[in-house]
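Chain by chain, the residues run as shown.
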Amino acid sequence: MLYNTPMKNIVILISGRGSNMEAIVAAAKSQQWPARIAAVISNRADAEGLVFALQHDIPVAVVASKQYASREQFDAALQVQIDHFSPDLIVLAGFMRILTSAFVQHYSGRMINIHPSLLPNFTGLHTHRQALQAGVSEHGATVHLVTPELDHGPVLGQIRVPVLPLDTEETLAERVLVQEHLLYPQIIRQIVHGELSLSQ
Ligand code: GAR
């Protein structure tokens, strides 16, 4: 029951467009999750998604990665900003940074990511291009727990889409993204309701 479930603080990290963040914010509201989007934090001041967050009265913060001399310094500054919002769950939604082990370990068991491929296939960048070049008939997206090795944490959920004969990187990305917007909120809904555990 709703009143037995403590309110969870979710902090969402973005680097750009923020369409997954929008889908999560919309689902949290329409499905009345026992959770609040405590903040949206970006490593880029020009991330388009910040505008949406501000328009929806969600606190925003920018920790500009280019202003830090090292990955360790950036991650330490980011950690301070995130912890300011007492997060129960950190959601990487198009957050295009490689994270240090110390940072990942600090959020062990409470940080998740969406990656646009059927992991373990096609880690890293340009996943749609990688899928087309490999000639696979199926592609998709994966939500996983974040662990120190990039794109390798335990899988929490996946969606699959067919690769069509005339697909380009753009058409394939679009088809996957529509499904990402369903998958990511669905997984987070299960987590905030205690239906999906993140302990390994
Ligand atoms: C999404 O397709 C997400 O899966 C991908 O970036 C896009 C962000 O779009 N993430 C990664 O590639 C992480 N390695 P959005 O900013 O509109 O949510």
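Scroll up for the structure.
Remember, predicted model here, so these are calculated numbers, not experimental data. Within every chain, residues take consecutive numbers counted from 1 along the sequence as written. pLDDT decides what is reported in this predicted model: residues at 70 or higher carry local features, side-chain atom pairs at 80 or more are listed and counted, and totals for whole chains, interfaces and linings draw on all residues regardless. No hydrogens and no water enter the side-chain calculation; it runs on all heavy atoms of the structure.

> Please clarify how helix 1 (residues 19–30) should be interpreted in this entry.
Three- or four-residue spacings in an α-helix give side chains the same orientation, since the helix completes a turn every 3.6 residues. Note on conventions: DSSP H or I runs of at least 4 residues are helices, E runs of at least 2 residues are strands, and numbering of each starts at the N terminus. How far a helix is expected to stretch is found by multiplying one less than its residue total by 1.5 Å. Over its 12 residues, helix 1 runs 16 Å from end to end, which matches the ideal 16 Å to within 8%, given 1.5 Å per residue. Using a 1.4 Å probe on the protein chains alone, a residue whose accessible area is under 20% of its type maximum counts as buried, one over 50% counts as exposed, and one in between counts as partly exposed. Among the residues of helix 1, Ser19, Asn20, Met21, Ala23, Ile24, Val25, Ala27 and Ala28 are the ones counted as buried. When checking whether two residues touch, look at their non-hydrogen atoms; a contact exists if any pair is within 4.5 Å. Contacts made by the buried residues of helix 1 are with strand 1 (8–14), strand 2 (35–42), helix 2 (49–55), strand 4 (89–92), strand 5 (111–115) and helix 6 (169–192). Of the residues one or two after helix 1, glutamine 32 is the one with positive phi, at around 50°.

> Whenever I open this one, the site of the ligand confuses me. Can you help?
All residues in the neighbourhood of the ligand are listed as Arg17, Gly18, Ser19, Asn20, Gly94, Met96, Ile114, His115, Pro116, Leu177 and Glu180. Two N or O atoms count as a polar contact when they lie within 3.5 Å, although within protein this holds only if one can serve as hydrogen donor and the other as acceptor, and sequence-adjacent residues are included solely when both atoms are side-chain atoms. Backbone polar atom of asparagine 20 to an oxygen atom of the ligand: 2.9 Å apart, as the coordinates give it. For the ligand, a nitrogen atom lies 3.5 Å from a polar atom in the side chain of histidine 115. Where accessible areas are quoted, they stem from the Shrake-Rupley method and a 1.4 Å probe; at the residue level, only the protein chains shown are allowed to cover. Within the complex, 86% of the 450 Å² of free accessible area of the ligand lies under protein. Counting residues per element, the ones that place at least two in the shell around the ligand are helix 1, strand 5 and helix 6. Grouping the amino acids of the shell around the ligand by side-chain chemistry returns four nonpolar, five polar and two charged. Proximity is defined per residue: if any heavy atom of the residue lies within 4 Å of a molecule or strand, that residue is considered near it. Classification convention: Asp, Glu, Lys, Arg as charged; Ala, Val, Leu, Ile, Met, Phe, Trp, Tyr, Cys, Pro as nonpolar; all other residues, Gly among them, as polar.

> Looking at this model, I keep getting lost on the nonpolar core. Mind explaining?
Generally speaking, a soluble globular protein has its nonpolar side chains buried in company with each other. What makes a nonpolar core is a set of buried Ala, Val, Leu, Ile, Met, Phe, Trp, Tyr and Cys residues whose side-chain atoms join them at distances within 4.5 Å. Counting residues in hydrophobic clusters, the biggest one holds 40 residues, and the most contacted among them are Ile10, Ile12, Ile112 and Ile188. Looking at this core element by element, the count peaks at eight residues for helix 6. The residues contacting isoleucine 12, other than those within four sequence positions of it, are Met21, Ile24, Ile37, Ala39, Val40, Ile41, Val91 and Ala93. Among the nonpolar cores identified, the runner-up in size contains 21 residues, and Ile41, Phe85, Leu99 and Val146 belong to it.

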